[in-house]
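# Structural features, examined
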Amino acid sequence: MAVAGSDRNLPCDDFMQFQTKLKQLRLIDDRIANALNRTVPTASFAGNVDAKETCKGLYHNMTEAYGQREAAIKVCIKSQDQIITKLRGERDAFRQKDQDNFELERKLRGEQTKLRLMQSELQVEGILRKSSLKVYYERCRDYHKPDENLS
């Protein structure tokens, strides 16, 4: 299952693909300092660029990316939770018959591990957001003061 978010698809069924796509979607955070250095002028070049609009646009791009990534991760977590619920139901049906299905148990543990890894990616999102916004505020605080606080 893939999660659609404009042109961004986050594959939920394969964790390695999930992480790879998430890494691609996080490039804006990796390049925030460079983007700010290229677009926000120093005091000597302040007249050449509209720093307020530049900062405002960058902030909009950042917050849009955060929202899309967080929503996509949450959809994958919900999907994973549904898979686990289904597997638990199957396991419980076997147990009522006094039978064990070791293959099912192994699959359930694997899916639970995948769920925990996805949940940890949601925590990583919060850390990245806080770090990127700190860099943004240090560089753009004189030009753009956002209405909302996302940190």
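Bear in mind that the values here come from a model prediction, so they are computed numbers and not experimental data.

Per the secondary structure count, the protein includes 5 helices and 2 strands. Secondary structure of the protein in N-to-C order comes out as β-β-α-α-α-α-α. Looking at the 151 residues of the protein, the share that counts as buried comes to 34%. At a minimum sequence separation of 6, the contacts of the protein that also span at least 24 residues come to 72%. As presented, the protein carries roughly 9700 Å² of accessible surface, and 50% of it is formed by carbon and sulfur atoms.

With that out of the way, let us pick up the confidence of the model for the protein. Per-residue pLDDT for the protein has a mean of 84; in total, 85% of the residues score no lower than 70. Mean pLDDT values over the elements of the protein span from 45, in strand β1 (residues 2-5), up to 93, in helix α5 (residues 102-140). Low pLDDT, under 50, characterises residues 2-7; the stretch is placed with 12 contacts to residues that sit more than four places away or in other chains.

All of the buried residues in helix α3 (residues 32-39) are Ile32, Ala35 and Leu36. One face of α3 carries all of its buried residues, which in axial projection span an arc of 100 degrees. Facing away from the buried surface of α3 by more than 90 degrees, the exposed residues are Asn37 and Arg38. Tucked into the core, α3 has its buried residues touching α2 (27-30), α4 (51-96) and α5.

This part covers the packing of helix α1 (residues 15-25) against α4. Where α1 meets α4, the closest approach of the two axes is 11 Å, and the angle between their N-to-C directions is 170 degrees. The orientation of α1 with respect to α4, classified from their angle, is roughly antiparallel. For the pair α1 and α4, the contacting residues are Phe18, Leu22 and Leu25 in the first and Arg69, Ile73 and Cys76 in the second. Grouping the constituent residues of the contact of α1 with α4 by class yields 5 nonpolar, no polar and 1 charged.

Let us now look at the packing of aromatic side chains. Under the counting rule described, the total for this entry stands at 3 aromatic pairs. Arranged with centres 5.3 Å apart and planes meeting at 40 degrees, the rings of Tyr59 and Tyr136 form a pair that is tilted. In this pair, Tyr59 sits in helix α4 while Tyr136 sits in helix α5, placing the two residues 77 residues apart along the sequence. The class of Tyr59 is buried, set by a relative accessible area of 6%. Classification of Tyr136 by relative accessible area gives buried; the value is 0%. Put simply, the rings of Tyr59, Tyr136 and Tyr137 pair up and form one aromatic cluster.

Right, let's talk about the state of the cysteines for a bit. One pass over the structure, following the stated rule, counts 2 disulfides. Sulfur-sulfur distance for the disulfide between Cys12 and Cys76 comes to 1.9 Å. Around the S-S axis, the bridge from Cys12 to Cys76 shows a dihedral of about -75 degrees and counts as left-handed. Note that Cys12 is positioned in the loop between β2 (8-11) and α1 and Cys76 in helix α4, a separation of 64 residues in sequence. Between Cys55 and Cys140 runs a disulfide, and the two sulfur atoms are separated by 2.1 Å. The S-S bond linking Cys55 to Cys140 shows a torsion near -75 degrees; that makes this disulfide left-handed. Taken together, the residues Cys55 in helix α4 and Cys140 in helix α5 connect sequence positions 85 residues apart. For Cys55, a relative accessible area of 0% puts it in the buried group. Classification of Cys140 by relative accessible area gives buried; the value is 0%. Taking only the cysteines that form disulfides and numbering them from first to last, the protein has the pattern 1-3, 2-4.

Cut-offs and rules
- Residues numbered from 1 in each chain as written.
- Predicted model: local features only at pLDDT ≥ 70, side-chain atom pairs only at ≥ 80, totals over all residues.
- Heavy atoms only, no water.
- Helix = DSSP H or I, 4+ residues; strand = E, 2+ residues; numbered from the N terminus.
- Buried < 20%, exposed > 50% of the residue type's maximum accessible area, 1.4 Å probe, protein only.
- Contact = heavy atoms within 4.5 Å.
- Areas by Shrake-Rupley, 256 points an atom, 1.4 Å probe, with all protein chains shown as cover.
- pLDDT = per-residue confidence, 0-100.
- Arc of directions from axis to C-beta.
- Axes fitted to C-alpha atoms, helices over the stretch in contact; angles between N-to-C directions.
- Parallel < 35°, antiparallel > 145°, perpendicular 65-115°, else oblique.
- Nonpolar A, V, L, I, M, F, W, Y, C, P; charged D, E, K, R; others polar.
- Phe/Tyr/Trp six-rings, centres within 6.5 Å; stacked < 30°, edge-to-face > 60°.
- Disulfide = S-S within 2.5 Å.

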